[in-house]
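# Structural description and commentary
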Amino acid sequence: MATTPSPRIDPLTIEVVELIGTVVARYHEEYEREASAHALTGAQARVLALLSLEALPMRQIAVRLKCEPSNVTGIVDRLEARGLVERRPDPQDRRVKLAAVTAEGRATARKLRDGLSFAREPLAELSHEERVVLRDLLARMLG
């Protein structure tokens, strides 16, 4: 049985894919660098930043960060040990625990955010119209 050869990837596609990878890598590298300045891992910094916006259950943190809930538990445990995060009952469902930033955690998240440049605003060089086009193109790529 003959197999159909896959189409060749053109140089423009390769360039676009490499640029997307570079943007993602730059974002994560800067986040890791700034996180380490606050004695945090990149994952801890991202959880802290997320929780500085709102208290969330562990499962929701995992969904937003696209990782396993067991990983989130360990991250929150370490942040809680440093006094940056606390667990509290969800007022809507007392069986659920929410992770929430403490005052110190909120201050640390603010310092971390202030130390970022590219990762704080990776779309800074794009106009509103360009952002809309980029959003629509990325959504289309993802189906």
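Residues numbered from 1 in each chain as written. Predicted model: local features only at pLDDT ≥ 70, side-chain atom pairs only at ≥ 80, totals over all residues. Heavy atoms only, no water.

## So, helix H1 (residues 11–37)
A rise of 1.5 Å per residue sets the reference length of H1, with its 27 residues, at 39 Å; its end C-alpha atoms lie 39 Å apart and thus fit the reference within 8%. Buried within H1 are the following residues: Glu 30, Tyr 31, Glu 34 and Ala 35. Looking at the packing, one finds that the buried side of H1 touches helix H2 (42–53) and helix H5 (103–115). At the N-terminal boundary of H1, the capping side chain belongs to Asp 10, with an oxygen 3.1 Å from the backbone nitrogen of Leu 12. Among the residues trailing H1, Ala 39 stands out with phi positive, at a value near 55°. (Helix = DSSP H or I, 4+ residues; strand = E, 2+ residues; numbered from the N terminus. Expected span 1.5 Å × (residues − 1). Buried < 20%, exposed > 50% of the residue type's maximum accessible area, 1.4 Å probe, protein only. Contact = heavy atoms within 4.5 Å. Polar contact = N/O pair within 3.5 Å; in protein donor to acceptor, adjacent residues only side chain to side chain.)

## Details of the packing of H1 against H5
At a closest axis distance of 9 Å, the pairing of H1 and H5 adopts a crossing angle of 135°. On the basis of their axis angle, the class for H1 and H5 is oblique. The chirality of how H1 crosses H5 is right-handed. Together, Tyr 31, Glu 34 and Ala 35 of H1 and Lys 111, Leu 112 and Gly 115 of H5 make up the contact between the two elements. Each residue belonging to the contact of H1 with H5 can be placed in one class, and the counts come to three nonpolar, one polar and two charged. (Axes fitted to C-alpha atoms, helices over the stretch in contact; angles between N-to-C directions. Parallel < 35°, antiparallel > 145°, perpendicular 65-115°, else oblique. Left-handed = near helix turned anticlockwise from the far one by under 90°. Nonpolar A, V, L, I, M, F, W, Y, C, P; charged D, E, K, R; others polar.)

## Some words on the sheet that holds strand E2 (residues 85–90)
Read from one edge to the other, the open sheet built from three strands follows the order E1-E3-E2, with strand pairing classed as antiparallel. The two strands at the open ends of the sheet, each matched to only one other strand, are strand E1 (56–57) and E2. (Pairing = 2+ DSSP bridges.)

## What to know about the environment of Gly 74
Mapped onto the fold, Gly 74 is located in helix H4 (residues 69–81). For the pair Gly 74 and Pro 89, spaced 15 residues apart in sequence, the C-alpha to C-alpha distance is 18 Å.

## Side note on the packing of aromatic side chains
A full pass over the atoms with the stated rule returns one aromatic pair. Look at Tyr 27 and Tyr 31: their rings are 5.7 Å apart centre to centre, the planes differ by 35°, and that puts the pair in the tilted class. Pair noted here: Tyr 27 and Tyr 31 are both in helix H1, with a separation of four residues, about one helical turn. For Arg 26, the ring lying beneath its charged end belongs to Phe 118, and the centroid distance is 4.1 Å. (Phe/Tyr/Trp six-rings, centres within 6.5 Å; stacked < 30°, edge-to-face > 60°. Lys NZ or Arg CZ within 6 Å of the ring centre and 35° of its normal.)

## So, the side chain of Asp 90
Residue position: Asp 90 is located in strand E2. No salt bridge is formed by the buried Asp 90; the nearest opposite charge belongs to Arg 94, separated by 7.7 Å. Those residues in contact with Asp 90 that lie beyond four places of it in its chain are Val 96 and Leu 98. (Lys, Arg positive; Asp, Glu negative; His and termini not counted. Salt bridge = Lys/Arg side-chain N within 4 Å of Asp/Glu carboxyl O.)

## Re a nonpolar patch on the surface
Taken together, the side chains of Leu 12, Val 16, Ile 20, Val 24, Leu 123, Leu 126, Leu 134, Leu 138, Met 141 and Leu 142 present a nonpolar region at the surface, about 860 Å² in accessible area. Of all the elements in the fold, those that place two or more residues in the nonpolar patch are H1 and helix H6 (128–142). Taking relative accessible area as the criterion, Leu 142 reaches 76% and is therefore assigned exposed. (Patch = residues over 30% accessible without salt bridge, like charges linked within 9 Å, V, L, I, M, F, W, Y side chains within 5 Å. Areas by Shrake-Rupley, 256 points an atom, 1.4 Å probe, with all protein chains shown as cover.)

## Some thoughts on the pairing of E2
In this structure, E2 lies alongside strand E3 (residues 93–101), joined through six bridges in antiparallel fashion. Across the sheet, Arg 87 pairs through a bridge with Ala 99, a residue of E3.

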